[in-house]
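Residues per chain are reported as follows:
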2 protein chains.
Amino acid sequence: MSAHVRAEDRECPLSTAMSYVGEWWTILILHDCFDGYTRFDQFEANIGLSSSMLTTRLKTLVDNGILAKRAYQERPVRHEYVLTDLGRSLRPILVAMAAWRNEQLAPSERAMVLVDTETGREVEPETIDPVTGLPVSDPRFAFRAGPAAGEEMRARYDVP
Amino acid sequence: MSAHVRAEDRECPLSTAMSYVGEWWTILILHDCFDGYTRFDQFEANIGLSSSMLTTRLKTLVDNGILAKRAYQERPVRHEYVLTDLGRSLRPILVAMAAWRNEQLAPSERAMVLVDTETGREVEPETIDPVTGLPVSDPRFAFRAGPAAGEEMRARYDVP
DNA sequence: CAGTATCCTGTCCGATACTG
DNA sequence: CAGTATCGGACAGGATACTG
């Protein structure tokens, strides 16, 4: 099974998420988008992938509803790629990934940080349960089969 | 460039994170680990990948310090794979990914959910700035070059 | 500039067979 | 049960050339 598998087949939200953002280039393109870049040549220069691969990845992202392709000029026609609402909702995933790596580094060793642009302060993000305020890494939290769980998923969580 | 590239080359924490957890099977194995599974045949059955691939992926995870391989019995020797501290610290990433997908579904459509095991309540995790309490998707947060930023990274964030 | 088309190599990965 | 070894097809992805 490769990345082309639509993970809905496995009815696992993790697999589905991976099918959207599980590829290297996809994450790097999204990173560019979150930083305000919108154009083909900007992606190409920032990321350093071949133009043919970039074409393919952008098409997938547009097909998946993560990016929207819009002409911003006619004659010659030029397009820009902007995040959709669905695309923007991926931000916590990218932030959590960058935060994971930065955690292992001393502040002075970090090449990229998240900042509060109103104060300039560096942010150290946390993924939490908003009800208790506890980090999700607390052992009291665990995955369980949900209402729409199929056979496999229920088997997995029956006394694991 | 493929997944084998050590992302430290690019000195971007996102790339580094991707080099650790950017592959499908890796995420699925980690999911199993977080759910308490530890053995080769359990991974094989739950995930449905070939044994040769599983061998390769487990080796990479052990080499990367995400899993530890321990003999839990001699004669015949049997191993188990358990999360290291570094491995456990990946949990927010998996949780953020599953949460992203579940957000798009009605509660009754969810196949797998995060729960507070002390109350049974479903958790809807959020990635936030602990200082202000705001979600990181708030537009006031942005990535910036950090102290250890190299040439490329600084160029990227000079008036982007 | 913003791509598309083609070629070629390396790698992913399932299938199968084998081992203690 | 817990893997290792080998084979072969499919595809990722770089390099290059071409187009409006």
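Residues numbered from 1 in each chain as written. Chains lettered and ligands numbered in written order. Predicted model: local features only at pLDDT ≥ 70, side-chain atom pairs only at ≥ 80, totals over all residues. Heavy atoms only, no water.

K.L.:
So, the overall build of chain A: which residues are in play, and what are the values?
P.N.:
Counting secondary structure elements, chain A contains 7 helices and 6 strands. Mapped in sequence order, the helices and strands of chain A form the string α-α-α-α-β-β-α-α-β-β-β-β-α. Its C-alpha atoms give chain A principal-axis dimensions of roughly 60 × 40 × 25 Å. Among the 160 residues that make up chain A, the fraction classed as buried is 49%. In chain A, the proportion of contacts linking residues at least 24 apart, taken out of those at least 6 apart, comes to 32%. On chain A, roughly 7,500 Å² of surface is accessible, and the fraction owed to carbon and sulfur atoms is 50%. When the 18 basic and 24 acidic side-chain charges of chain A are each reduced to a single mean position, those positions are 5 Å apart. (Helix = DSSP H or I, 4+ residues; strand = E, 2+ residues; numbered from the N terminus. Buried < 20%, exposed > 50% of the residue type's maximum accessible area, 1.4 Å probe, protein only. Contact = heavy atoms within 4.5 Å. Areas by Shrake-Rupley, 256 points an atom, 1.4 Å probe, with all protein chains shown as cover. Lys, Arg positive; Asp, Glu negative; His and termini not counted. Charge placed at Lys NZ, Arg CZ, Asp CG, Glu CD.)

K.L.:
Give me the lowdown on the packing of aromatic side chains, citing residues and values where you can.
P.N.:
Residue and element names in this part refer to chain A. Summed over the entire model, instances satisfying the criterion amount to 6 aromatic pairs over all chains. When the ring of Phe-43 is compared with that of Tyr-81, the centres are 6.3 Å apart and the planes differ by 55 degrees; the resulting orientation is tilted. With Phe-43 in helix H3 (residues 40-47) and Tyr-81 in strand E2 (residues 78-83), this pair connects stretches of sequence that are 38 residues apart. A single burial state applies to Phe-43 and to Tyr-81, both of which are buried. (Phe/Tyr/Trp six-rings, centres within 6.5 Å; stacked < 30°, edge-to-face > 60°.)

K.L.:
Could you give me a rundown of the nonpolar core, with the residues and numbers involved?
P.N.:
Among soluble globular proteins, nonpolar side chains are generally buried collectively. Of all hydrophobic cores here, the largest spans 84 residues; its most connected members are Ile-29, Phe-43 and Met-97 of chain A together with Met-97 of chain B. With near-sequence residues (within four places) excluded, Met-97 of chain B lies in contact with Pro-13, Leu-14, Ala-17, Met-18 and Ile-93 of chain A together with Ile-27 of chain B. (Core = buried A, V, L, I, M, F, W, Y, C linked by side-chain atoms within 4.5 Å.)

K.L.:
Provide a residue-level description of the side chain of Thr-84 of chain B, including the pertinent values.
P.N.:
Residue and element names in this part refer to chain B. Looking at where Thr-84 falls in the secondary structure, it is placed in the loop between strand E2 (78-83) and helix H5 (85-88). Thr-84 sits in the buried class, given a relative accessible area of 18%. A polar atom in the side chain of Thr-84 sits 2.6 Å from the backbone oxygen of Gly-65. Setting aside chain neighbours within four positions, we find Thr-84 in contact with Gly-65, Ile-66, Leu-67 and Ala-68. (Polar contact = N/O pair within 3.5 Å; in protein donor to acceptor, adjacent residues only side chain to side chain.)

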